[in-house]
Amino acid sequence: NAGVTQTPKFQVLKTGQSMTLQCAQDMNHNSMYWYRQDPGMGLRLIYYSASEGTTDKGEVPNGYNVSRLNKREFSLRLESAAPSQTSVYFCASSAQPNTEAFFGQGTRLTVV
Amino acid sequence: AQSVTQLDSQVPVFEEAPVELRCNYSSSVSVYLFWYVQYPNQGLQLLLKYLSGSTLVKGINGFEAEFNKSQTSFHLRKPSVHISDTAEYFCAVSDTNYGGATNKLIFGTGTLLAVQP
(Lines give C-alpha, C1' and ligand atoms only; values in the text may rest on other atoms or scores of the structure.)
Protein backbone atom coordinates (compact mmCIF):
# COMPACT_ATOMS: atom_id res chain seq x y z
CA ASN A 1 0.00 0.00 0.00
CA ALA A 2 1.90 3.04 -1.28
CA GLY A 3 -0.38 5.74 0.21
CA VAL A 4 0.67 9.14 -1.14
CA THR A 5 3.56 9.19 -3.60
CA GLN A 6 5.38 12.37 -4.60
CA THR A 7 7.96 12.84 -7.32
CA PRO A 8 10.67 13.98 -7.44
CA LYS A 9 12.17 13.79 -3.96
CA PHE A 10 14.82 16.43 -4.66
CA GLN A 11 15.09 19.14 -7.29
CA VAL A 12 17.37 22.10 -7.97
CA LEU A 13 16.07 24.79 -10.32
CA LYS A 14 17.50 27.97 -11.69
CA THR A 15 15.51 31.17 -11.23
CA GLY A 16 12.93 31.43 -14.00
CA GLN A 17 12.75 27.73 -14.79
CA SER A 18 9.49 25.86 -14.59
CA MET A 19 8.66 22.45 -13.19
CA THR A 20 5.77 20.26 -12.12
CA LEU A 21 5.61 18.31 -8.89
CA GLN A 22 3.60 15.13 -9.19
CA CYS A 23 1.43 13.54 -6.53
CA ALA A 24 -0.66 10.38 -6.61
CA GLN A 25 -2.70 8.59 -3.95
CA ASP A 26 -4.08 5.08 -3.98
CA MET A 27 -6.56 5.38 -1.10
CA ASN A 28 -9.54 6.52 -3.19
CA HIS A 29 -9.56 9.83 -1.31
CA ASN A 30 -11.72 12.70 -2.46
CA SER A 31 -9.55 15.56 -1.22
CA MET A 32 -5.95 16.42 -2.02
CA TYR A 33 -3.62 19.21 -0.88
CA TRP A 34 -0.30 20.87 -1.52
CA TYR A 35 1.60 22.39 1.41
CA ARG A 36 4.97 24.04 1.73
CA GLN A 37 7.05 23.81 4.88
CA ASP A 38 9.56 26.47 5.84
CA PRO A 39 11.53 26.75 9.10
CA GLY A 40 9.52 28.39 11.86
CA MET A 41 6.40 28.73 9.70
CA GLY A 42 4.89 25.28 9.95
CA LEU A 43 2.82 23.98 7.07
CA ARG A 44 1.18 26.48 4.79
CA LEU A 45 -1.53 25.44 2.37
CA ILE A 46 -0.82 26.38 -1.23
CA TYR A 47 -3.80 24.87 -3.05
CA TYR A 48 -6.30 22.15 -2.36
CA SER A 49 -8.88 20.11 -4.19
CA ALA A 50 -11.87 19.21 -2.05
CA SER A 51 -13.11 16.78 -4.69
CA GLU A 52 -12.31 15.73 -8.22
CA GLY A 53 -12.96 18.59 -10.60
CA THR A 54 -12.50 21.38 -8.05
CA THR A 55 -9.46 23.34 -6.91
CA ASP A 56 -9.17 26.26 -4.52
CA LYS A 57 -6.49 28.62 -3.34
CA GLY A 58 -5.00 28.17 0.06
CA GLU A 59 -2.94 30.52 2.17
CA VAL A 60 0.01 31.06 -0.22
CA PRO A 61 -1.05 30.41 -3.84
CA ASN A 62 0.95 33.11 -5.64
CA GLY A 63 3.46 31.70 -8.11
CA TYR A 64 1.80 28.28 -8.29
CA ASN A 65 -0.83 26.50 -10.32
CA VAL A 66 -2.44 23.12 -9.80
CA SER A 67 -4.25 20.47 -11.79
CA ARG A 68 -6.50 17.75 -10.42
CA LEU A 69 -5.88 15.36 -13.26
CA ASN A 70 -8.22 12.67 -11.94
CA LYS A 71 -9.24 11.35 -8.56
CA ARG A 72 -5.77 9.91 -7.92
CA GLU A 73 -3.47 12.67 -9.13
CA PHE A 74 -2.91 16.30 -8.13
CA SER A 75 0.04 18.19 -9.60
CA LEU A 76 1.66 21.47 -8.59
CA ARG A 77 3.33 23.67 -11.19
CA LEU A 78 5.85 26.45 -10.74
CA GLU A 79 5.77 28.50 -13.94
CA SER A 80 8.77 30.71 -13.20
CA ALA A 81 10.66 29.60 -10.13
CA ALA A 82 11.95 32.18 -7.65
CA PRO A 83 14.41 31.75 -4.74
CA SER A 84 11.50 32.45 -2.35
CA GLN A 85 10.01 29.17 -3.50
CA THR A 86 12.89 27.21 -2.02
CA SER A 87 11.07 24.95 0.41
CA VAL A 88 9.95 21.44 1.20
CA TYR A 89 6.67 20.62 -0.53
CA PHE A 90 4.21 18.06 0.79
CA CYS A 91 1.26 16.53 -0.93
CA ALA A 92 -1.53 15.08 1.20
CA SER A 93 -4.90 13.45 0.74
CA SER A 94 -7.96 12.79 2.87
CA ALA A 95 -11.29 11.07 2.50
CA GLN A 96 -13.11 14.36 3.13
CA PRO A 97 -11.75 17.92 3.48
CA ASN A 98 -12.10 17.95 7.26
CA THR A 99 -10.81 14.46 8.09
CA GLU A 100 -7.31 13.22 8.77
CA ALA A 101 -4.81 13.80 6.01
CA PHE A 102 -2.17 11.35 4.83
CA PHE A 103 1.10 12.83 3.69
CA GLY A 104 3.71 12.01 1.10
CA GLN A 105 7.42 12.00 1.90
CA GLY A 106 8.00 15.48 0.52
CA THR A 107 9.95 17.17 -2.27
CA ARG A 108 12.93 19.29 -1.30
CA LEU A 109 13.15 22.10 -3.85
CA THR A 110 16.02 24.56 -4.10
CA VAL A 111 15.84 27.55 -6.45
CA VAL A 112 19.18 29.20 -7.15
CA ALA B 1 -11.71 31.80 10.64
CA GLN B 2 -10.04 29.01 12.54
CA SER B 3 -6.50 29.16 13.83
CA VAL B 4 -4.11 27.01 15.84
CA THR B 5 -1.47 28.26 18.25
CA GLN B 6 1.48 26.22 19.42
CA LEU B 7 3.21 28.60 21.78
CA ASP B 8 6.34 26.51 22.31
CA SER B 9 8.58 26.33 19.27
CA GLN B 10 10.98 24.01 21.07
CA VAL B 11 10.66 21.84 24.19
CA PRO B 12 13.85 20.28 25.59
CA VAL B 13 13.34 17.38 27.99
CA PHE B 14 15.43 14.62 29.50
CA GLU B 15 14.84 11.00 28.64
CA GLU B 16 12.20 9.27 30.81
CA ALA B 17 10.76 12.61 31.95
CA PRO B 18 7.12 13.55 31.25
CA VAL B 19 6.28 16.07 28.58
CA GLU B 20 3.34 18.25 27.57
CA LEU B 21 3.13 20.02 24.22
CA ARG B 22 0.56 22.78 24.19
CA CYS B 23 -2.02 23.47 21.51
CA ASN B 24 -4.76 26.09 21.60
CA TYR B 25 -7.26 26.71 18.85
CA SER B 26 -9.69 29.42 17.90
CA SER B 27 -12.98 28.56 16.20
CA SER B 28 -16.58 29.68 16.18
CA VAL B 29 -17.82 26.21 15.22
CA SER B 30 -17.41 22.63 16.41
CA VAL B 31 -14.03 21.17 15.57
CA TYR B 32 -12.05 18.05 14.92
CA LEU B 33 -8.54 18.06 16.37
CA PHE B 34 -5.38 16.22 15.34
CA TRP B 35 -1.77 15.76 16.38
CA TYR B 36 0.84 14.80 13.81
CA VAL B 37 4.51 13.85 14.23
CA GLN B 38 7.29 14.52 11.73
CA TYR B 39 10.60 12.69 12.09
CA PRO B 40 13.63 14.21 10.35
CA ASN B 41 13.42 14.18 6.56
CA GLN B 42 10.03 12.46 6.57
CA GLY B 43 6.42 13.36 5.96
CA LEU B 44 3.84 13.87 8.68
CA GLN B 45 2.27 10.91 10.42
CA LEU B 46 -0.96 10.98 12.42
CA LEU B 47 -0.43 10.48 16.18
CA LEU B 48 -4.03 10.80 17.35
CA LYS B 49 -7.31 12.53 16.64
CA TYR B 50 -10.38 13.81 18.44
CA LEU B 51 -13.63 13.58 16.51
CA SER B 52 -16.23 13.13 19.26
CA GLY B 53 -16.88 11.20 22.46
CA SER B 54 -14.32 10.86 25.25
CA THR B 55 -12.21 13.96 25.63
CA LEU B 56 -9.13 11.89 26.48
CA VAL B 57 -7.68 10.45 23.31
CA LYS B 58 -4.93 7.86 23.17
CA GLY B 59 -2.61 7.61 20.21
CA ILE B 60 0.42 5.72 19.00
CA ASN B 61 3.78 5.53 20.78
CA GLY B 62 2.25 6.14 24.24
CA PHE B 63 1.00 9.66 23.51
CA GLU B 64 -2.36 10.99 24.64
CA ALA B 65 -4.21 14.30 24.37
CA GLU B 66 -7.13 15.88 26.15
CA PHE B 67 -9.75 18.02 24.47
CA ASN B 68 -10.83 20.92 26.69
CA LYS B 69 -13.65 22.82 25.05
CA SER B 70 -13.87 25.57 27.67
CA GLN B 71 -10.17 26.35 27.34
CA THR B 72 -10.10 25.61 23.59
CA SER B 73 -7.06 23.43 24.10
CA PHE B 74 -5.82 20.04 22.93
CA HIS B 75 -2.53 19.46 24.75
CA LEU B 76 -0.39 16.43 23.95
CA ARG B 77 1.21 14.45 26.77
CA LYS B 78 3.50 11.51 27.33
CA PRO B 79 4.42 10.26 30.82
CA SER B 80 7.94 9.12 29.91
CA VAL B 81 9.74 10.12 26.71
CA HIS B 82 12.45 8.28 24.79
CA ILE B 83 15.26 9.53 22.61
CA SER B 84 13.30 8.20 19.64
CA ASP B 85 10.48 10.68 20.37
CA THR B 86 12.70 13.51 19.18
CA ALA B 87 10.70 15.01 16.31
CA GLU B 88 8.51 17.93 15.36
CA TYR B 89 4.89 17.80 16.47
CA PHE B 90 2.05 19.60 14.75
CA CYS B 91 -1.43 20.33 16.04
CA ALA B 92 -4.24 20.74 13.48
CA VAL B 93 -7.93 21.69 13.53
CA SER B 94 -10.81 21.37 11.09
CA ASP B 95 -14.49 22.24 10.98
CA THR B 96 -16.89 19.36 11.73
CA ASN B 97 -19.25 20.68 9.08
CA TYR B 98 -18.23 19.02 5.82
CA GLY B 99 -19.81 21.78 3.77
CA GLY B 100 -18.44 24.62 5.87
CA ALA B 101 -16.34 27.40 4.37
CA THR B 102 -13.38 26.47 6.53
CA ASN B 103 -13.63 22.71 5.98
CA LYS B 104 -9.96 21.87 5.72
CA LEU B 105 -7.10 21.17 8.08
CA ILE B 106 -5.38 24.19 9.57
CA PHE B 107 -1.95 23.49 11.09
CA GLY B 108 -0.02 25.13 13.89
CA THR B 109 3.60 26.16 13.44
CA GLY B 110 4.93 23.06 15.18
CA THR B 111 6.86 22.22 18.34
CA LEU B 112 10.25 20.58 18.23
CA LEU B 113 10.55 18.01 21.00
CA ALA B 114 14.24 17.52 21.79
CA VAL B 115 14.84 14.55 24.10
CA GLN B 116 18.24 14.55 25.76
CA PRO B 117 19.97 11.57 27.40
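For the structure, check the block above.
Since the model is a prediction, treat every value here as computed from it, not as a measurement.

(A) Summary view of the nonpolar core. The biggest cluster of nonpolar side chains holds 28 residues, and the ones touching the most others in it are B:Trp35, B:Leu48, B:Leu76 and B:Tyr89. Of all the secondary structure elements, the ones that give two or more residues to this core are strand S2 (10-14), strand S3 (19-21), strand S5 (31-38), strand S6 (44-50), strand S8 (64-68), strand S9 (73-78), strand S10 (87-95) and strand S12 (111-116) of chain B. A:Met19, A:Cys23, A:Leu76 and A:Val111 belong to the second largest nonpolar core, which has 20 residues in total.

(B) Region of the structure containing the interface of chain B and chain A. Contacts between the two partners involve 23 residues from chain B, matched on the other side by 20 residues from chain A. Between chain B and chain A, the buried area comes to about 1700 Å², and carbon and sulfur atoms account for 55% of it. Scanning the region where chain B abuts chain A turns up one salt bridge. B:Lys49 serves as the salt-bridge partner of A:Glu100, at 2.2 Å between the closest nitrogen and oxygen. Across the contact surface, chain B and chain A share seven residue pairs in polar contact (both at pLDDT 80 or more). Grouping the constituent residues of the side of chain B that touches chain A by class yields nine nonpolar, ten polar and four charged.

(C) Seen up close, the pairing of strand S1 (residues 4-7) of chain A. All names here are of chain A. Burial of the side chains of S1 is restricted to one face: Val4 and Gln6 are buried, whereas none of Thr5 and Thr7 on the reverse face is. With four bridges connecting them, S1 and strand S3 (residues 19-25) associate as antiparallel partners. Pairing of threonine 5 across the sheet is with alanine 24, part of S3.

(D) Representation of the side chain of A:Ser49 in the model. Residue and element names in this part refer to chain A. Inspection of the secondary structure assignment puts serine 49 in strand S5 (residues 42-49). The class for serine 49 is buried, based on a relative accessible area of 0%. A distance of 2.7 Å separates polar atoms of two side chains, one belonging to serine 49 and the other to arginine 68. Ignoring sequence-local partners within four residues, the contact set of serine 49 consists of Asn30, Ser31, Met32, Thr54, Thr55, Arg68 and Phe74.

(E) Expanded view of the state of the cysteines. Applying the stated criterion across every chain yields a total of two disulfides over all chains. Through a disulfide, A:Cys23 is tied to A:Cys91; the S-S separation comes to 1.8 Å. Between A:Cys23 and A:Cys91, the S-S dihedral sits near -75 degrees, and the bridge is therefore left-handed. Of this pair, A:Cys23 sits in strand S3 while A:Cys91 sits in strand S9 (residues 87-94); the two residues are 68 residues apart in sequence, bridging distant segments of the chain. On the basis of relative accessibility, which here comes to 0%, the residue A:Cys91 falls in the buried class. Covalent S-S linkage joins B:Cys23 and B:Cys91, the inter-sulfur distance amounting to 2.0 Å.

(F) Geometry of the layout of surface pockets. In this model, the largest pocket occupies a volume close to 550 Å³. In terms of lining, the largest pocket is formed by 27 residues, of which the most central are A:Gln37, A:Val88, A:Arg108, B:Gln38 and B:Asn41. If you list the elements that add at least two residues to the lining of the largest pocket, you get strand S4 (31-38), S9 and strand S11 (107-111) of chain A together with S10 of chain B. The dominant element in the lining of the largest pocket, judged by the number of residues it contributes, is S11(A), at four residues. Its residues placed into classes, the lining of the largest pocket shows ten nonpolar, 13 polar and four charged. Its volume calculated, the second largest pocket comes out at about 190 Å³. Lining the second largest pocket are 13 residues, with A:Leu43, A:Arg44, A:Leu45, A:Glu59 and B:Ile106 positioned closest to its centre. Broken down by element, the lining of the second largest pocket gets its largest block of residues, three residues, from S5(A). Of the residues belonging to the lining of the second largest pocket, the class tally is seven nonpolar, three polar and three charged.

What counts and how
Residues numbered from 1 in each chain as written. Chains lettered and ligands numbered in written order. Predicted model: local features only at pLDDT ≥ 70, side-chain atom pairs only at ≥ 80, totals over all residues. Heavy atoms only, no water. Core = buried A, V, L, I, M, F, W, Y, C linked by side-chain atoms within 4.5 Å. Buried < 20%, exposed > 50% of the residue type's maximum accessible area, 1.4 Å probe, protein only. Helix = DSSP H or I, 4+ residues; strand = E, 2+ residues; numbered from the N terminus. Contact = heavy atoms within 4.5 Å. Buried area = accessible area lost by both parts, 1.4 Å probe. Salt bridge = Lys/Arg side-chain N within 4 Å of Asp/Glu carboxyl O. Polar contact = N/O pair within 3.5 Å; in protein donor to acceptor, adjacent residues only side chain to side chain. Nonpolar A, V, L, I, M, F, W, Y, C, P; charged D, E, K, R; others polar. Pairing = 2+ DSSP bridges. Disulfide = S-S within 2.5 Å. 1 Å grid on protein atoms, 1.4 Å probe; cavity = no way out; pocket = protein on both sides within 12 Å on 5 of 7 lines; lining within 4 Å. Points joined across faces, edges and corners; volume = space filled by probe spheres on them.

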